[in-house]
Amino acid sequence: MDLQLQGKTALVLAASKGLGKACATALVAEGADIIIGARNPAALEETATALRAFGKGRVMAVPVDVTDAVQVADIISAAATTFGKIDILVGNAGGPPFAPFESFDDNAWQKAFELSLLSTVRFCRLVLPHMRKTGSGRIINIISLSVKTYVPGSILSASLRMGVVGMAKMLATELGPDNITVNNVAPGSILTDRLRQTMIPSGPNAPSLEEAMAQRAKDIPLGRIGKPEELAALVAFLASPLAGYITGTTIQVDGGAIKAPY
């Protein structure tokens, strides 16, 4: 299927690895021009080199810390200056730490707010003028399954990313007349470095990481951990003109792990 992304320009964040890299790969494979951002310049440039090997869309790498307002403005300016427009924003950031509620002080909550909610607010606000110029746009935020179900230790992620869910619903209404859609993608158990880190067992009788992942897979109807490219396929579709009537929603990619009938 041709997703009609040839000539579109996409800004993809946290794109040096994991879900962000998979999303950038899916978009550039469809012919989109890509601006990728992440904190590690070396890893980011390595990803950019891999994306350029497709020989399709143009690729630009700009190091960015999404919690730094100046750097956020700089990457958007660089994208607009280089490619002349921004059609697609894939908002993404590494999640805050996992631990029980009482483990986190005010400073931890402030950092989580800046990482998971305020960074999303900034990017959405700053790309809107560029999307309005072209008469359309796609905003896709990668969040967490914790907004749909209980995930142990995810109090910071769930609390702040629920704010992203609410914002997307409001923006979908406000931006509908501008033909700009706003959606969230909530990954379940997808095989990334973050999943491995959160599942590292502890204690003398703890199972191995492989055993822990196998146990997790038993609770998933499809019986396995997901692949980053499976989530990226949905992001690429939502970024395309073919998804023009989908907005204001949060779609989980979880192998059927959430069994609620809604």
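Preceding this paragraph is the structure being described.
Residues numbered from 1 in each chain as written. Predicted model: local features only at pLDDT ≥ 70, side-chain atom pairs only at ≥ 80, totals over all residues. Heavy atoms only, no water.

Asks: Would you mind showing me how to read the overall build of the chain here?
Replies: Across its full length, the chain holds 8 helices and 7 strands. Against the compact-globule benchmark of 18 Å for 262 residues, the chain has a radius of gyration of 18 Å, which places it among compact chains. The dimensions of the chain, computed from C-alpha atoms along their principal axes, are 55 × 40 × 40 Å. Looking at the chain as a whole, 47% of its 262 residues qualify as buried. Element-wise, carbon and sulfur atoms account for 56% of the exposed surface of the chain, whose accessible area totals about 12600 Å². For the chain, the distance from the average site of its 24 positive side-chain charges to the average site of its 22 negative ones is 4 Å. (Helix = DSSP H or I, 4+ residues; strand = E, 2+ residues; numbered from the N terminus. Rg over C-alpha atoms; globule rule 2.2 N^0.38 Å. Buried < 20%, exposed > 50% of the residue type's maximum accessible area, 1.4 Å probe, protein only. Areas by Shrake-Rupley, 256 points an atom, 1.4 Å probe, with all protein chains shown as cover. Lys, Arg positive; Asp, Glu negative; His and termini not counted. Charge placed at Lys NZ, Arg CZ, Asp CG, Glu CD.)

Asks: Quick question: what am I supposed to make of empty space enclosed by the protein here?
Replies: In this approach, a probe sized like a water molecule rolls over the atoms, and the result shows the empty space that is left. Scanning all chains against the criterion turns up 1 cavity of 30 Å³ or more. Within this model, the largest cavity holds a volume of roughly 130 Å³. Every residue lining the largest cavity is counted, 17 residues in all, and those nearest its centre are Gly91, Asn92, Ala93, Ser119 and Thr120. The set of elements that each furnish at least two residues to the lining of the largest cavity consists of strand E4 (88–91), helix H4 (106–134), strand E5 (137–142) and helix H5 (155–175). Per element, the largest residue contribution to the lining of the largest cavity is 6 residues, and it comes from H4. (1 Å grid on protein atoms, 1.4 Å probe; cavity = no way out; pocket = protein on both sides within 12 Å on 5 of 7 lines; lining within 4 Å. Points joined across faces, edges and corners; volume = space filled by probe spheres on them.)

Asks: What should I look at first to understand the nonpolar core in this one?
Replies: Side chains of a nonpolar character, in soluble globular proteins, are inclined to be buried together. One finds Val12, Leu27 and Ile34 to be the most contacted residues of the largest nonpolar core, which totals 34 residues. Of all elements in the fold, only strand E1 (9–13), helix H1 (18–29), strand E2 (33–38), helix H2 (41–52), E4, E5 and helix H8 (228–239) reach the threshold of two or more residues within this core. The biggest single contributor to this core is H8, with 7 residues. Ignoring any residue separated from it by four or fewer positions in sequence, one finds Leu27 in contact with Leu5, Ala10, Val12, Ala32, Ile34, Val90, Ala236 and Ala239. Counting 28 residues, the second largest nonpolar core, distinct from the first, contains Val64, Ile86, Leu175 and Val182. (Core = buried A, V, L, I, M, F, W, Y, C linked by side-chain atoms within 4.5 Å. Contact = heavy atoms within 4.5 Å.)

Asks: For this particular structure, what's the right way to read H1?
Replies: Two residues of an α-helix separated by three or four positions point the same way, owing to the 3.6 residues in each turn. A rise of 1.5 Å per residue sets the reference length of H1, with its 12 residues, at 16 Å; its end C-alpha atoms lie 17 Å apart and thus fit the reference within 8%. Where H1 ends, the next residue or the one after it, Gly31, has phi of about 100°, a positive value. (Expected span 1.5 Å × (residues − 1).)

Asks: Mind showing me how you'd approach the state of the cysteines here?
Replies: Put plainly, two cysteines are in a disulfide when a covalent bond ties their sulfur atoms together. In total, this model carries 0 disulfides according to the counting rule given. No disulfide involves Cys23; its sulfur sits 15 Å from that of Cys124, the nearest cysteine. On the basis of relative accessible area, Cys124 is assigned to the buried category, the value being 2%. (Disulfide = S-S within 2.5 Å.)

Asks: Would you take a moment to explain the environment of Ala243 for this structure?
Replies: Topologically, Ala243 is positioned in the loop between H8 and strand E7 (250–253). Overall, Ala243 belongs to the buried group, its relative accessible area being 1%. For the pair Ala243 and Arg138, spaced 105 residues apart in the sequence, the C-alpha separation amounts to 9.3 Å. Every residue in contact with Ala243, bar those within four places of it in the chain, is listed here: Arg138, Phe237 and Leu238.

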